[in-house]
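Chain and residue survey
The residues making up each chain are set out below.
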Amino acid sequence: MHNENITDEIREECGLFAIYKHGAEGSHLAAQTYIGLMALQHRGQEACGIAVGHNREISFHKDTGLIEEVFKDEKIIAGLEGNRAVGHVRYSSSSSKKSKENAQPLVLNYAKGQLAICHNGNIVNADVLRKEYEQGGAIYQTTTDTEIVAYTIARHRIGSGSIENAVFKAMKILKGAYSLIIMSPRKLVVARDPHGFRPLCFGMKADGSFVFASESCALDAVDAEFVREVRPGEVIVVEEGQMRELTDLCGTAPSKICVFEYIYFARPDSTIHGQLVNDSRRLAGKLLAQKYPVEADIVIPLPDSGVPSAMGYAEESGIPYVEGFGKNRYCGRTFIRPDQLSREQAVRLKLNPVKKYIEGKRVVVVDDSIVRGTTTGINVKLLREAGAAEVHLRISSPPFLYPCYYGTDVPNFDQLISHKHSVDGVCKIIGADSLAYLGIDDLPKIVPDLCDTGFCNACFTGNYPVL
């Protein structure tokens with residue numbers, strides 16, 4: 001997946017946001033959705049969109065680019081009026097192109113009117129369903145599995161009596177990871193797959209608005225009070241200012257939220273299933289210091305995802321924490337292409353080692369993961385050039401050994417350096433003095449609140465809950 005990326009960053013593919021205020025009109029909810037999506041921008045930086053429902057009509061705007069780019073004209077938000085709104089930020093997956101057509105929300109016209117849908121995850125049986133629907137005459141306008149989800153719901157809407165019943169029936173057919181927010185001509189419907197792979201929560205504002213988001217940080221951004229997580233297998237319906245819950249599928253499958261949400265994806269100030277993400281990352285750093293100590297002068301993070309774990313490592317080891325890399329925060333992920341810059345040039349543009357802090361020092365570098373190994377090797381080289389006497393890498397996740405099929409762009413086997421090489425082999429390839437990863441047995445320790453419910457670690461173990 002994402003073979004063309006100039007960096008080795010693992011990408012989450014989507015972030016969702018929705019708000020419903022009974023009796024509200026105007027562009028207020030679209031503006032709130034804009035703010036919520038800004039808080040979720042880390043979950044997707046290739047495309048975004050907002051759809052708003054007014055009476056039985058849905059209006060929308062979406063395009064490729066960041067939130068502030070796509071909605072830079074104030075007239076766009078001002079023109080999106082209604083009492084319910086849904087929004088989406090997106091990265092493309094390996095099977096879908098980066099285009100305006102693939103941006104979400106996906107807005108469709110069908111027999112019962114309009115439908116706007118936002119999806120975070122990956123449907124593992126999408127190809128099978130796509131072929132089945134094509135044989136029945138389906139014509140597709142995108143290359144996303146979100147359109148397969150929408151088509152499945154639309155097929156079951158006729159004769160189901162309600163949109164929520166159609167969603168419920170579709171959930172029995174769709175396999176894989178999906179957190180969904182759907183806006184019909186009158187309702188807002190929220191659903192999460194029975195395993196709960198991808199996060200989804202909801203809250204309430206003081207004015208009675210219902211708010212749903214991939215992470216709690218987006219609730220905070222719009223001053224909504226966190227209420228609870230959407231349960232795995234749950235369908236929530238908001239209509240006429242009232243909320244109803246359909247829980248027939250709750251508890252029908254073991255809970256398997258992606259553990260990498262805690263290691264990398266989610267914002268550190270988000271709380272997912274009762275666990276503050278920042279706490280998980282600091283715990284990971286402490287465990288690395290306990291299990292893999294090393295004599296060193298400073299601990300530095302790979303910004304930004306390595307910061308909490310590096311702090312935890314420094315705190316536990318007693319080695320001083322230093323911001324050893326300067327980061328160019330205006331270097332976006334979307335504009336760099338292989339034909340424009342070499343991988344090393346791109347890394348140098350983004351990160352600059354602070355020679356004053358590094359020269360002559362034995363350095364512990366803490367990062368969240370190693371994927372292909374190329375960027376990590378460049379970072380080690382940069383530290384050597386800055387005069388580091390030793391470079392010791394500590395990684396706050398286990399080695400990536402298997403691809404992910406649930407909405408994360410972990411590459412295929414042939415691109416995973418740890419699948420092809422031992423820890424010592426990887427260490428030699430990237431040029432470090434030592435290398436250590438968080439152990440599989442350490443994962444439950446960084447997410448203790450999930451020990452009773454379970455989580456997905458398939459990219460580390462190959463134990464796939466759904467295939």
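Preceding this paragraph is the structure being described.
Our subject in this report is the structure included herewith. Just so we're clear, the structure is a prediction, and the values are computed from it rather than from any experiment.

**Let's talk about the pairing of strand E22 (residues 434-437)**
Of the two faces of E22, the one carrying Ser434 and Ala436 and the one carrying Leu435 and Tyr437 are both buried. Bridge count between strand E21 (residues 390-395) and E22: 4 bridges; the pairing is parallel. Bridging across to E22, Leu393 finds its partner in Leu435.

**Observations concerning the packing of aromatic side chains**
The full count for this structure, using the stated rule, is 14 aromatic pairs. Ring plane angle 35 degrees and centroid distance 4.9 Å describe the contact between Tyr133 and Tyr151, whose orientation is recorded as tilted. One end of the pair, Tyr133, is in helix H4 (residues 126-135); the other, Tyr151, is in helix H5 (residues 145-157), with 18 residues separating them in the sequence. Here the guanidinium or amino end of Arg130 rests over the ring plane of Tyr140, the centre of that ring lying 4.8 Å away.

**Observations concerning the sheet that holds strand E2 (residues 47-54)**
Strand pairs in the sheet, formed through backbone hydrogen bonds, run parallel or antiparallel to each other. One open sheet accounts for 7 strands, arranged E3-E2-E4-E1-E10-E9-E11; its pairing is antiparallel. The sheet is open, and its two edges are formed by strand E3 (57-64) and strand E11 (225-229), each paired on a single side. Across the sheet, the mean angle from the axis of one strand to that of its neighbour is 15 degrees, orientation sign disregarded. Summarising the sheet, strand E1 (residues 14-20) and strand E4 (residues 84-90) pair through 7 bridges and their orientation is antiparallel. Note on E4: the bridge partner recorded for Gly15 is Val89.

**Quick notes on H5**
Each turn of an α-helix holds 3.6 residues, which means side chains three or four residues apart point in the same direction. For H5, with 13 residues, the first-to-last C-alpha span of 18 Å sits near the 18 Å given by 1.5 Å per residue. Counting buried residues along H5, 10 of its 13 residues qualify, which places the element largely inside the surrounding structure. Among the residues making up H5, those that are buried are Asp145, Thr146, Glu147, Ile148, Val149, Ala150, Thr152, Ile153, Ala154 and Arg157. Packing partners of the buried residues in H5 comprise strand E5 (106-110), strand E6 (113-123), H4, helix H6 (163-171) and strand E7 (176-183). Backbone geometry just after H5 places Gly159 at a positive phi near 90 degrees.

**Description of unusual backbone geometry**
Omega for the peptide link from Gln104 to Pro105 comes to 10 degrees, which places this bond in the cis form. As for its position among the elements, Pro105 is in the loop between E4 and E5. Residue Pro303 is joined to Asp304 through a cis peptide bond whose omega torsion reads -5 degrees. Residue placement: Asp304 occurs in the loop between strand E17 (298-301) and helix H10 (307-317). You will see that Asn55, though not glycine, has its phi angle at about 55 degrees, which is positive. The exposure class assigned to Asn55 is exposed, which follows from its relative accessible area of 56%. Unlike most non-glycine residues, Asp223 shows phi in positive territory, near 60 degrees. Among the secondary structure elements, Asp223 is positioned in the loop between helix H7 (216-221) and E11.

**So, the pairing of E21**
Across the 6 residues of E21, 5 count as buried, placing the element largely inside the fold. Alignment of strand E20 (residues 362-367) against E21, held across 6 bridges, turns out to be parallel. Across the sheet, Arg362 pairs through a bridge with Glu390, a residue of E21. Once the chain exits E20 it traverses helix H13 (residues 374-385) before rejoining the sheet at E21, and the crossover so formed is right-handed.

**Section: the sheet that holds E5**
Judged by pairing direction, the sheet is antiparallel, and its 6 strands sit side by side in the order E5-E6-E7-E8-E12-E13 without closing on themselves. Pairing within the sheet leaves two strands with one partner each, and these edge strands are E5 and strand E13 (242-246). Going across the sheet, the axis of each strand differs from the next one's by a mean of 20 degrees, ignoring polarity. When strand E8 (residues 188-192) meets strand E12 (residues 235-239), the two strands line up antiparallel, connected through 4 bridges. Among the inter-strand pairings, Val189 is bridged to a residue of E12, identified as Val237.

Thresholds, definitions, all that
Note on numbering: residues in each chain are counted from 1, in written sequence order. pLDDT decides what is reported in this predicted model: residues at 70 or higher carry local features, side-chain atom pairs at 80 or more are listed and counted, and totals for whole chains, interfaces and linings draw on all residues regardless. Side-chain measures were taken over the full set of non-hydrogen atoms in the model, leaving aside hydrogen atoms and water. Burial here depends on accessible area, computed with a 1.4 Å probe over protein chains only, as a share of the maximum for the residue type. Under 20% is buried, over 50% is exposed, and the range in between is partly exposed. Comment: elements are numbered from the N terminus, with helices defined as DSSP H or I runs of at least four residues and strands as E runs of at least two. Pairing between strands is defined by DSSP: at least two bridges between the two strands are required. Between 30 and 60 degrees the pair is tilted, below 30 it is stacked and above 60 it is edge-to-face, where a pair is any two Phe, Tyr or Trp rings, Trp via its six-membered ring, whose centres lie within 6.5 Å. Charge-over-ring placement is defined geometrically: NZ (Lys) or CZ (Arg) within 6 Å of the ring centre, and within 35 degrees of the ring normal. Fitted lines through C-alpha atoms give the axes, limited to the stretch in contact for helices. The angle between two N-to-C directions lies from 0 to 180 degrees. Expected helix span is computed as 1.5 Å times (number of residues minus one). Whether two residues are in contact is decided by their heavy atoms, any of which lying within 4.5 Å being enough. Here, the term right-handed applies to a crossover whose path from the first strand over the helix to the second runs clockwise when the strands point away from the viewer.

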